[in-house]
Amino acid sequence: MFVSTNQGKMAMNNRVGIRYEDRFKMERRVAITPNHVQKLIEEDGLEFLVEKSEKRVFTDAEFNEAGAKIVDDVRQASVIFGVKEMPIEYFEKNKTYILFSHTIKGQSYNMPALRKMVEKKINLIDYEKVADADGRRLIFFGRFAGLAGMINSLWALGLRMGELNSKNPFSGINQSYTYTSLEDALADISKAGKAIENGALADLSHPLVIGFTGYGNVSKGAQEILDVLPHEEISPEQLLSFSENGDWDKNKVFKVVFKEKDLAQRIDGSAEFELQDYYNHPEKFKGDFEKYVDKISVLMNCMYWDKRYPKLITKEYLKNNFDNKHPLKVIGDITCDPNGSIECTFDCTKIESPNFVYDPATEEITPGNEGPGILVMAVDILPSELPRESSKGFSSALLPFVSKIVKADYSKSFEELELPEPIKKALILHNGEFTPDFKYMEKYLENIDK
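These numbers come from a predicted model, not from an experiment.

A. Highlighting the sheet that holds strand S4 (residues 79-81). Pairing is mixed in the open sheet, where eight strands are placed in the order S3-S2-S1-S4-S5-S6-S17-S18. The strands lining the two open edges of the sheet, one partner per strand, are strand S3 (69-71) and strand S18 (433-434). Direction of pairing for strand S1 (residues 15-18) relative to strand S2 (residues 47-51): parallel, over a ladder of four bridges. The residue bridging Arg15 from the neighbouring strand is Glu47, located in S2.

Structural data, given as structure tokens:
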């Protein structure tokens, strides 16, 4: 039977691939869940090819029941959805890939892959850049990173307090991925809260203060978990004058949320802090966060950071100020920028080995939970510790855009390309060419072999 070129093209543009995630051993998330696959098949006429996976939180059987075809690879599809980075050899000419590419900062470890995408003339859509007219991200795992990161950090605090022989209400909390659901984790945290109300922190020589940097989706997710515990929120200013002579409520923990104005000050000594000036001219500012550190027990680092901005905690500060009486026991570095805002985060960690101890005196790290110093939790793929809940939330946000992404005619010019505006803003490469907002990335490829 004769099939016209246009008919063949239309069929190809209805075919979607969902990739098996192999970037990390414990990566179990998926971009589109089976119930949304079924909806897109029935309502939009899409055809789904799903790569086989024994570890994915949604099974092959669930996708098969939804109407997808389970395959060894998805190379028959022209549009492929993933979550994390894909191997260099995975990219094929003229196809469309949707993923977290981790390339927009010029991340050196992903520049070879970016160059291959250019060579293969692909279309690259990055979830990180899908945003509304006001720049607010629309498709993200941030809340779930915060949820899992806070659960892990309370678990880590329990381990640390146990090692230091402190009375410990957190010993019944486990690492996030060991729970079958978020509700199970919240049940254990509620038990810890009851113990705190009954005096489990009475023997501490200082208040248990949990600080959060940032106030976006990651921070909000982390605070959701903390808010299950009996707590009182205080301001950064109140923290500086917080009593350590025993004059505080020992049946609660204390929460502090730090904003940009708490993290930096102008180098010229001016007391005025203007947020947009900080964003536009970070070179005018220096770090001002370390004055709070000796009053914090657990620091949750939830803020965006790049190397233009001052660090929050330097190795030098810790070397000069940390001893075994220092209240800081755990850093939950959800941001996880190696040698970044938390300078002692030497690298991101894996779910199967999430923690290390940093010794400020020697500037050495010990994998695990024991030894002198500060315990750091810096898992890079925290949402995958709550894979079912995080995939459902992500897929729900992505769903309105899927059909339009798949059916778009990418042979058109960028100006004529019909995509929803938030998606078009996130199109880094169009047929291998950097789109206008991402022309700056060309310099990263120029430097790749230098």
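B. Main features of the pattern of salt bridges. Across all of its chains, the model carries 30 salt bridges by this definition. The salt bridge partner of Glu62 is Arg388, with a shortest N-O separation of 3.6 Å. Taken together, the residues span a long stretch of sequence, with Glu62 in helix H3 (residues 60-66) and Arg388 in helix H13 (residues 387-407) at a distance of 326 residues. Given a relative accessible area of 30%, Arg388 falls into the partly exposed group. The partner of Asp288 in a salt bridge is Lys291, and the shortest N-O contact between them spans 3.0 Å. Overall, Asp288 belongs to the buried group, its relative accessible area being 17%.

C. Inspection of the packing of helix H5 (residues 142-163) against helix H7 (residues 217-226) at higher detail. It is the contact of H5 with H7, at a shortest axis distance of 6 Å, that shows an interaxial angle of 40°. Of the possible angle classes, the one that applies to H5 and H7 is oblique. As H5 packs across H7, the resulting crossing turns out to be right-handed. Side by side, H5 and H7 meet where Gly142, Arg143, Gly146, Leu147, Met150, Ile151 and Leu154 of the first sit next to Asn217, Val218, Gly221, Ala222, Glu224, Ile225 and Leu226 of the second. Looking at the contact of H5 with H7, its residues break down into eight nonpolar, four polar and two charged.

D. Main features of a nonpolar patch on the surface. Side chains of Tyr215, Leu275 and Tyr279 sit close together on the surface and give an oily, nonpolar patch of about 250 Å² of accessible area. Looking at the secondary structure, you find Tyr279 in helix H10 (residues 275-280). The partly exposed category is assigned to Tyr279, whose relative accessible area is 32%.

E. A look at the side chain of Glu21. Within the secondary structure, Glu21 sits in the loop between S1 and helix H2 (34-44). Summary of buried charges: Glu21 has no salt-bridge partner, and the nearest side chain of opposite charge, Arg19, is 4.5 Å away. A polar contact is formed between the side chain of Glu21 and the backbone nitrogen of Val83, at a distance of 2.7 Å. The residues contacting Glu21, other than those within four sequence positions of it, are Glu27, Arg29, Lys55, Gly82, Val83 and Lys84.

F. How the structure looks around unusual backbone geometry. Of note, the phi angle at Asn94 is positive, near 65°, even though the residue is not glycine. Looking at where Asn94 falls in the secondary structure, it is placed in the loop between S4 and strand S5 (96-99). Even without a glycine there, the phi angle at His102 is positive, about 50°. Relative to the assigned elements, His102 resides in the loop between S5 and helix H4 (111-119).

G. Here's a closer look at the sheet that holds strand S12 (residues 298-301). The eight strands are arranged S8-S9-S7-S12-S13-S16-S14-S15 in an open sheet whose pairing can be described as mixed. Since the sheet does not close on itself, it has two edges, and those belong to strand S8 (231-233) and strand S15 (364-367), each with one partner. Across the sheet, the axes of successive neighbouring strands diverge by a mean angle of 20°, strand direction being ignored. Pairing geometry for strand S7 (residues 209-213) and S12, over four bridges, is parallel. Bridge pairing in S12 links Thr213 to Asn301. Of the strands in this sheet, S7, S8 and strand S9 (253-258) touch H7, which is tilted by about 160° from S7.

Reading the values: rules and limits
- Residues numbered from 1 in each chain as written.
- Predicted model: local features only at pLDDT ≥ 70, side-chain atom pairs only at ≥ 80, totals over all residues.
- Heavy atoms only, no water.
- Pairing = 2+ DSSP bridges.
- Helix = DSSP H or I, 4+ residues; strand = E, 2+ residues; numbered from the N terminus.
- Salt bridge = Lys/Arg side-chain N within 4 Å of Asp/Glu carboxyl O.
- Buried < 20%, exposed > 50% of the residue type's maximum accessible area, 1.4 Å probe, protein only.
- Axes fitted to C-alpha atoms, helices over the stretch in contact; angles between N-to-C directions.
- Parallel < 35°, antiparallel > 145°, perpendicular 65-115°, else oblique.
- Left-handed = near helix turned anticlockwise from the far one by under 90°.
- Contact = heavy atoms within 4.5 Å.
- Nonpolar A, V, L, I, M, F, W, Y, C, P; charged D, E, K, R; others polar.
- Patch = residues over 30% accessible without salt bridge, like charges linked within 9 Å, V, L, I, M, F, W, Y side chains within 5 Å.
- Areas by Shrake-Rupley, 256 points an atom, 1.4 Å probe, with all protein chains shown as cover.
- Lys, Arg positive; Asp, Glu negative; His and termini not counted.
- Polar contact = N/O pair within 3.5 Å; in protein donor to acceptor, adjacent residues only side chain to side chain.

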